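# Structural overview
The primary structure of each chain is shown beneath.
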Amino acid sequence: MEIRNSVALVTGANRGIGKSFVAALQKAGAKRIYAAARDTSSLDAVVASDPGRIVPLKLDVTDPEQVQAAARQAADVSLLINNAGVAVYGGFISTQDPGGSRQEMEVNYFGTLDMVRAFAPVLKRNGGGAIVNLASIASLVNFPILGPYSASKAAAHSLTQGIRSELSGQGTQVIGVYPGPVETDMAKGLDIAKAPPAQIAEAALEAVVTRTEDVFPDPMSTELHGGLRHDPKAVEKQIGEMRPE
Ligand SMILES: NC(=O)c1ccc[n+]([C@@H]2O[C@H](COP(=O)([O-])OP(=O)(O)OC[C@H]3O[C@@H](n4cnc5c(N)ncnc54)[C@H](OP(=O)(O)O)[C@@H]3O)[C@@H](O)[C@H]2O)c1
């Protein structure tokens with residue numbers, strides 16, 4: 001689908017990759033952009049950049065009532081970008097925050113699932129449209145330093161595959177995005193090369209236009225994806241060397 005004159009909704013639009021999605025949508029000529037965040041005051045600067053086009057929306061993706069209200073308010077959406085996510089550093093066993101593993105599933109998997117369920121009829125009414133899910137390269141191989149997060153992103157990847165099939169009948173494109181580390185708050189503890197968030201957002205929107213289903217938007221994700229196709233066990237061993245403390 002074309003981005004020009006589309007109506008998009010971005011979850012977690014107040015910072016990081018979500019904020020870059022709003023900017024990329026503006027640049028690409030979207031007609032209206034619903035910028036969703038848990039705290040709408042955190043969207044003030046985003047909205048001020050283009051108040052005529054950017055509509056703030058209060059949305060915690062783990063709150064079913066807010067998800068339903070968003071689907072009612074943003075009934076003209078044809079491009080849904082499920083970007084909101086949380087990451088708790090640590091392994092399955094070594095984590096200092098065991099409850100964080102449940103929260104990761106709540107946001108990264110169930111939050112995305114609830115958004116998709118609420119917006120599938122909206123997209124259908126608006127001609128099919130597209131869904132972009134922010135997965136991660138950690139969806140495809142477990143990173144022990146982010147063990148439970150990787151599991152939640154693997155669930156989001158499986159969801160992406162399943163809804164691609166289920167929604168094909170209504171003409172909804174489903175795109176999975178699988179970045180490596182990105183220069184945002186989420187990755188600030190990682191001392192490795194990181195891609196700029198704008199690069200991720202722009203690659204994802206390009207995939208919407210070109211109908212590309214799986215997006216590997218940065219050098220690390222491209223390299224690991226290549227390795228996974230060639231020798232998945234070797235990639236598992238390589239990433240497994242990065243152990244949590
Ligand atoms: N950064 C990376 O290295 C990287 C790599 C691969 C994939 N990703 C994925 O890319 C997406 C964006 O990540 P990021 O790097 O931009 O992270 P970030 O800077 O930490 O931003 C996370 C965003 O998600 C929002 N959020 C968290 N819980 C939410 C909830 N329950 N309901 C609604 N919004 C919620 C946050 O809102 P608040 O401000 O209210 O907390 C914030 O806007 C995530 O899905 C992440 O897993 C990131």
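So, here is what we can say about the structure in this document. Quantities reported herein were computed from a predicted structural model and do not represent experimental measurements.

### Remarks on the sheet that holds strand β1 (residues 7–10)
A sheet is described by the order of its strands in space; here seven strands give the open sequence β3-β2-β1-β4-β5-β6-β7, paired in parallel fashion. In the strand order of this sheet, the two ends are held by β3 (54–58) and β7 (214–215), each with one partner. In this sheet, strand β2 (residues 32–37) lies alongside β1 in parallel orientation, the contact comprising four bridges. Its bridge partner lying in β2, V10 is registered against A35. Packed on one face of the sheet, helix α1 (residues 16–28) meets β1, β2, β3, β4 (79–82) and β5 (130–134) and runs near 170 degrees to β1. Sheet contacts for helix α5 (residues 147–166): β5, β6 (173–177) and β7; angle to β6, the most-contacted strand, approximately 160 degrees.

### Focus on the site of the ligand
Taken together, 28 residues lie around the ligand, and N14, R15, R38, Y149 and T184 are the ones closest in. Take D60: an N or O atom from its side chain is 2.9 Å from a nitrogen atom of the ligand. A distance of 2.6 Å separates an oxygen atom of the ligand from a polar atom in the side chain of Y149. Contact with the protein chains hides 93% of the accessible area of the ligand, taken as 900 Å² for the molecule alone. A molecule is said to occupy a pocket when more than half its atoms come within 2 Å of that pocket's grid points, and by this definition the ligand occupies the largest pocket.

### Remarks on helix α3 (residues 64–73)
Of the positions making up α3, those classed as buried are Q66, V67, A70 and A71. Considered in projection along α3, the buried side chains sweep an arc of 140 degrees and stay on one side of the axis. Counted as exposed and oriented over 90 degrees from the buried face of α3: E65 and R72. Where α3 begins, the side chain of D63 points an oxygen toward the backbone nitrogen of E65, at a separation of 3.0 Å.

Conventions we followed
Residues numbered from 1 in each chain as written. Predicted model: local features only at pLDDT ≥ 70, side-chain atom pairs only at ≥ 80, totals over all residues. Heavy atoms only, no water. Pairing = 2+ DSSP bridges. Helix = DSSP H or I, 4+ residues; strand = E, 2+ residues; numbered from the N terminus. Contact = heavy atoms within 4.5 Å. Axes fitted to C-alpha atoms, helices over the stretch in contact; angles between N-to-C directions. Near = heavy atom within 4 Å. Polar contact = N/O pair within 3.5 Å; in protein donor to acceptor, adjacent residues only side chain to side chain. Areas by Shrake-Rupley, 256 points an atom, 1.4 Å probe, with all protein chains shown as cover. 1 Å grid on protein atoms, 1.4 Å probe; cavity = no way out; pocket = protein on both sides within 12 Å on 5 of 7 lines; lining within 4 Å. Sits in = over half its atoms within 2 Å of the grid points. Buried < 20%, exposed > 50% of the residue type's maximum accessible area, 1.4 Å probe, protein only. Arc of directions from axis to C-beta.

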